[in-house]
Amino acid sequence: MSASKIVIVFHSGYGHTRKIAEAVAEGSSGELLAISSEGELPAGGWELLQAAQAIVFGAPTYMGMVPWQFKKFADASSKVWFEQSWKDKLAAGFTNSASMSGDKLLTLHYLFALSQQHSMLWVGAGTMPSNTKAATRNDINYIGSFCGLMTATPADASVDEMVPSDIETAKVFGRRVAEAVVAFVPESRLVPA
Ligand SMILES: Cc1cc2nc3c(=O)[nH]c(=O)nc-3n(C[C@H](O)[C@H](O)[C@H](O)COP(=O)(O)O)c2cc1C
């Protein structure tokens, strides 16, 4: 695993959030780091996060919150918290769930709180909502989230049937994080692209 400027650390139970994570990675030129079904990072995962300039946290919303596997990762990050060694890294977050709301905001707020416990600097969505009469589900940020990226996957949709505009919104979100790194992380200008 090579050191990366942006790391997307995420959990996905059934693959839908993974597809969103992949789009965020594409938009940000970031590296994916999956939390396993047992709530564990792969070998070298903590080192990859330590080397990152921005960490994007991602999880589906299960029962109005992150799944236990993500929480296990978050609790394990208390070792990092003791040292405050993620302090001043950029942070951002995303969640995917079945309903348009589905209490996704609780999940994003939790990801924000995690970042603040680590004294990180939160980057929001930075994208205007598509909320006029003319807006359709095919538009970018139709859900209208500001605090982070929200996507909605119908409960009976396969990974291949996910909403295309959500995938695009995730790429836009990834680009937003990448632009924030360039704007706010001085060392990023020294790292070859
Ligand atoms: C245990 C469980 C709880 C869920 N709770 C919610 C919820 O609170 N709100 C919601 O909108 N969708 C909820 N869902 C739907 C998932 O968020 C949705 O299917 C999502 O696409 C799953 O992502 P994944 O394939 O990455 O696991 C829940 C699904 C499961 C399995």
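Details of the structure are given in the entry above.
This report concerns the structure included in the present document.

Quick notes on the rules
- Residues numbered from 1 in each chain as written.
- Predicted model: local features only at pLDDT ≥ 70, side-chain atom pairs only at ≥ 80, totals over all residues.
- Heavy atoms only, no water.
- 1 Å grid on protein atoms, 1.4 Å probe; cavity = no way out; pocket = protein on both sides within 12 Å on 5 of 7 lines; lining within 4 Å.
- Points joined across faces, edges and corners; volume = space filled by probe spheres on them.
- Helix = DSSP H or I, 4+ residues; strand = E, 2+ residues; numbered from the N terminus.
- Phe/Tyr/Trp six-rings, centres within 6.5 Å; stacked < 30°, edge-to-face > 60°.
- Buried < 20%, exposed > 50% of the residue type's maximum accessible area, 1.4 Å probe, protein only.
- Axes fitted to C-alpha atoms, helices over the stretch in contact; angles between N-to-C directions.
- Parallel < 35°, antiparallel > 145°, perpendicular 65-115°, else oblique.
- Left-handed = near helix turned anticlockwise from the far one by under 90°.
- Contact = heavy atoms within 4.5 Å.
- Polar contact = N/O pair within 3.5 Å; in protein donor to acceptor, adjacent residues only side chain to side chain.

**What about the layout of surface pockets?**
What the largest pocket holds in volume is close to 220 Å³. Those elements that place two or more of their residues in the lining of the largest pocket are α1 (16-28) and β4 (90-97).

**Here's the deal with the packing of aromatic side chains**
The description of two aromatic rings rests on the distance between their centres and on the angle between their planes. Across all of its chains, the model carries eight aromatic pairs by this definition. An angle of 20 degrees between the planes, with centres 6.3 Å apart, marks the rings of W46 and W86 as stacked. In this pair, W46 sits in helix α2 (residues 45-51) while W86 sits in the loop between α4 (78-83) and β4, placing the two residues 40 residues apart along the sequence. Here W81 and F82 contribute two aromatic rings whose centre-to-centre distance is 5.1 Å and whose plane-to-plane angle is 65 degrees, an arrangement assigned as edge-to-face. In this structure W81 comes out as partly exposed when scored by relative accessible area, which is 38%.

**Brief notes about the packing of helix α3 (residues 68-76) against helix α5 (residues 104-117)**
Between α3 and α5, the least distance of the axes is 11 Å, while the angle of their chain directions is 10 degrees. On the basis of the axis angle, α3 is roughly parallel to α5. The interaxial crossing formed by α3 with α5 has left-handed handedness. Along the contact surface, α3 presents F70, K71 and A74, while α5 presents Y110, L111 and L114.

**A short note on the environment of C147**
In this fold, C147 is placed in the loop between β5 (121-122) and β6 (149-152). You can call C147 partly exposed: its relative accessible area is 33%. Put simply, C147 and S29 are 118 residues apart on the chain and 21 Å apart in space, counted from C-alpha to C-alpha. Those residues in contact with C147 that sit more than four places away from it in its chain are L105, L108, H109, W122, V123, G124 and A125.

**Here we look at the side chain of T61**
Looking at the secondary structure, you find T61 in the loop between β3 (54-60) and α3. Of the polar contacts made by the side chain of T61, one reaches the side chain of T95; its length is 2.8 Å. At a separation of 2.8 Å, a polar atom in the side chain of T61 contacts the side chain of T107. Among residues more than four places away in sequence, those in contact with T61 are T95, N96, S97, G102, D103, K104 and T107.

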